[in-house]
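Listed below are the residues making up each chain.
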Amino acid sequence: MGREYHFHCEYAGCSVTAGVRLGGVRELEVLVDGREVAFERVHGHHPEERTLIAVLPTSPPRHVEVRIALPGVFTGIPSCALVAGEVRVPMAEREVPRRSRPTEASWYG
């Protein structure tokens, strides 16, 4: 079972969220205003930085990069930053809503 992290920031009037799932295969996603705009699966468990590109629906549209620093196998947590030209905005970690497991009573009920 993997660990899940969410990072968020507001930029140019848009809501930008990055989701990181660590486990057998690492999954990275970027959402802009609640819509998925970039996704990547990463194999391997060594520390590295990945960059996902997103286009913000502004007038005119703006290209931004979301840089995700992935930790090693058993240590650390990921971190994220939004980069737009010379501007670098750290993305704050948000609490991930936990998925509830079915209780024994619900299996039989």
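Please refer to the structure higher up on the page.
Position numbers for residues count from 1 along each chain, tracking the sequence in the order it is written. Local features in this predicted model are restricted to residues whose pLDDT is 70 or higher, and side-chain atom pairs enter the listing and the counts only when it is 80 or higher, whereas totals over whole chains, interfaces and linings include all residues. Hydrogens and waters are ignored; side-chain quantities use all the structure's heavy atoms.

What should I look at first to understand the sheet that holds strand β2 (residues 14–22) in this one?
Adjacent strands of a sheet pair through backbone hydrogen bonds, lying either parallel or antiparallel. Strands qualify as paired when DSSP identifies two bridges or more between them. Secondary structure is summarised from DSSP: a helix means a run of H or I of at least four residues, a strand means a run of E of at least two, and numbering begins at the N terminus for each. Strand order in the open sheet made by the 8 strands is β4-β3-β2-β1-β8-β7-β6-β5, with antiparallel pairing throughout. Each having just a single partner strand, β4 (35–42) and β5 (48–56) make up the two edges of the open sheet. Sheet twist, expressed as the average angle between the axes of neighbouring strands with direction ignored, equals 25 degrees. Note on method: axes are straight lines fitted to C-alpha atoms, helices fitted across the in-contact stretch only, with angles between N-to-C directions ranging 0 to 180 degrees.

Any chance you could explain the environment of G13 here in plain terms?
Its place among the elements puts G13 in the loop between β1 (3–11) and β2. Relative accessibility decides the category of a residue: with a 1.4 Å probe and only protein chains considered, values under 20% of the type maximum give buried, values over 50% give exposed, and everything between is partly exposed. You can call G13 exposed: its relative accessible area is 75%. Placed 44 residues apart in sequence, G13 and P57 show a C-alpha to C-alpha distance of 9.3 Å.

I'm lost on the pairing of β5 in this one. Help?
The two faces of the sheet receive side chains in turn, since in a regular strand these alternate between them. Across 9 bridges, β5 lies against strand β6 (residues 62–70) in antiparallel orientation. Counted as the bridge partner of E49 is A69 from β6. The turn linking β5 back onto β6 is made up of 5 residues.

What is the right way to look at unusual backbone geometry in this model?
A negative phi angle characterises most non-glycine residues, just as the trans form characterises most peptide bonds. With an omega of 0 degrees, the peptide bond running from S59 to P60 counts as cis. The topology assignment puts P60 in the loop between β5 and β6. Positioned with a positive phi, A12 is a non-glycine residue whose angle comes to about 55 degrees. Relative to the elements of secondary structure, A12 occurs in the loop between β1 and β2. Owing to a relative accessible area of 33%, A12 belongs among the partly exposed residues under this scheme. Backbone geometry at D33 places phi at a positive 50 degrees, although glycine is not the residue there. Its location among the elements puts D33 in the loop between β3 (26–32) and β4. Judged by relative accessible area, which is 40%, D33 ranks as partly exposed.

Would you mind showing me how to read the pattern of salt bridges here?
Oppositely charged side chains may form a pair once their charged atoms are brought near each other. Whenever a carboxyl oxygen of Asp or Glu lies within 4 Å of a side-chain nitrogen of Lys or Arg, that contact is scored as a salt bridge. Applying the stated rule across the entire model yields 7 salt bridges. A salt bridge links R21 to E4; the nearest nitrogen and oxygen atoms lie 3.9 Å apart. Taken together, the positions of R21 in strand β2 and E4 in strand β1 put the pair 17 residues apart, joining distant regions of the chain. The salt bridge involving R50 is made with E48; its shortest N-O contact spans 3.0 Å. Ionic contacts of the salt-bridge type, sharing partners, join the residues E4, R21, E27, E29 and R41 into one network.

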